[in-house]
Amino acid sequence: MKQHLSVLGLFARSSLLRVLAVLLAMGGAEIFFFGRALREALVAYRADIGNGLLTPERLLDYTAVNVWFAAAFLLITLFLCLPGCEFGAHTGYTLRRLSVSENTVFLWQTVYNILIYLLLAAAQTLISYGLCLWYTAAVPAELVSNQTVFLAFYRSELLHALLPLADLALWIRNLLLLFSLGLAAALFPCKQRERRYSGSIIALVPATLLVFERGIGEFGHTAIAACICLMVVCEWVSFALVRGDGEGGEEAEEHA
């Protein structure tokens, strides 16, 4: 068990601090631009300029929260793919010195990656929820109700994707994407150590960004996520079979 915890700790030491720094930068940028836009909107509303005050979800769209979230997603994916590779850091060398199999390393890296992507989604959800609460506290009481935040999470495609509420299809889609991303990000360094190339994560990142934001009652994206997940799993299985043959061949040569 100690060796397993060592593997997990190695991946955490390799990227966790950088991931937390990205989350802090993402949250700081979103809070800053949302606060500035909210103040400007309130000044315009009180001066009777325009057609009224923007709703919280439209204010989130106006301040490009989805762009900051996408940037954080890209950086975190990069940080997850690098540990275990043979270039740059010496994580790959350290992994070979641990008395665990490649399959165990791959399993723990996949678990760690899934937890980090889950942390990213949870952080963005909490930040968005906090910004919505800030909105309800700052605007005139007659413009908000106890349903304002709840409706924002239904009307905003980003917020609804992060927290689908009663949308079961979207929950399934999110779980499939979470598993696929964690698996693909672990497959990249695993294949790189074998001098092979993995294109799953490179294809999956833009696909995720394209299909992630969705409204209520859209079911096609769930099928797309299922296909993506199947392709990643197929690449993993094919690599495991090839690597198994290679390892078997090497063992046969050693015994000979």
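Numbers given for residues are sequential positions, taken from 1 along each chain in its written order. Restriction of local features to residues with pLDDT of at least 70 applies here, the model being predicted, together with a cutoff of 80 or more for giving and counting side-chain atom pairs; totals for whole chains, interfaces and linings are based on all residues. Where side-chain values are given, they derive from all heavy atoms of the structure, hydrogens and water being excluded.

### Describing a nonpolar patch on the surface
Next, step 1: A contiguous nonpolar patch, built from Leu-16, Leu-17, Leu-20 and Leu-119 and spanning about 340 Å² of accessible area, is present on the exposed surface.
Next, step 2: Only runs of H or I of at least four residues qualify as helices and only runs of E of at least two qualify as strands under DSSP, and these elements are numbered from the N terminus. In terms of residues, the nonpolar patch owes the most to one element, helix α1 (residues 2–46), which gives three residues.
Next, step 3: Tracing the sequence through the fold places Leu-20 in helix α1. A patch consists of residues exposed above 30% relative accessible area that lack any salt bridge, with like charges linked at up to 9 Å and nonpolar side chains (Val, Leu, Ile, Met, Phe, Trp, Tyr) linked at up to 5 Å. For accessible areas, the Shrake-Rupley method is used with a probe of radius 1.4 Å. Any residue's cover is judged against the shown protein chains and nothing else. We define a salt bridge as a side-chain nitrogen of Lys or Arg found within 4 Å of a carboxyl oxygen belonging to Asp or Glu.

### Examining the state of the cysteines
Chemically, a disulfide is nothing more than a covalent bond linking the sulfur atoms of two cysteines.
Next, step 1: Two cysteine sulfur atoms form a disulfide, by the criterion used here, when they sit within 2.5 Å. Tallied over the full model, the rule gives zero disulfides.
Next, step 2: Cysteine Cys-234 is unpaired, with the sulfur of Cys-229 as its nearest cysteine sulfur at 9.5 Å.
Next, step 3: Exposed residues in this analysis have more than 50% of their type's maximum accessible area, buried residues have under 20%, and partly exposed residues fall in between, with area computed by a 1.4 Å probe over protein chains only. Residue class for Cys-234 comes out partly exposed when judged on its relative accessible area of 44%.

### Observations concerning the environment of Leu-59
Next, step 1: Note that Leu-59 resides in helix α2 (residues 56–62).
Next, step 2: Looking at Leu-59, the relative accessible area reads 1%, which means it is buried.
Next, step 3: Between the C-alpha atom of Leu-59 and that of Leu-38, which follows or precedes it by 21 residues, the distance is 7.4 Å.
Next, step 4: Setting aside residues no more than four positions away along its own chain, Leu-59 makes contact with Phe-34, Ala-37, Leu-38, Leu-54 and Tyr-135. By definition, residues are in contact when any of their heavy atoms lie within 4.5 Å.

### Points about unusual backbone geometry
If a residue is not glycine, its phi is most likely negative; likewise, a peptide bond is most likely trans.
Next, step 1: Although it is not a glycine, Ala-64 sits at a positive phi angle of roughly 55 degrees.
Next, step 2: Its location among the elements puts Ala-64 in the loop between α2 and α3 (65–81).

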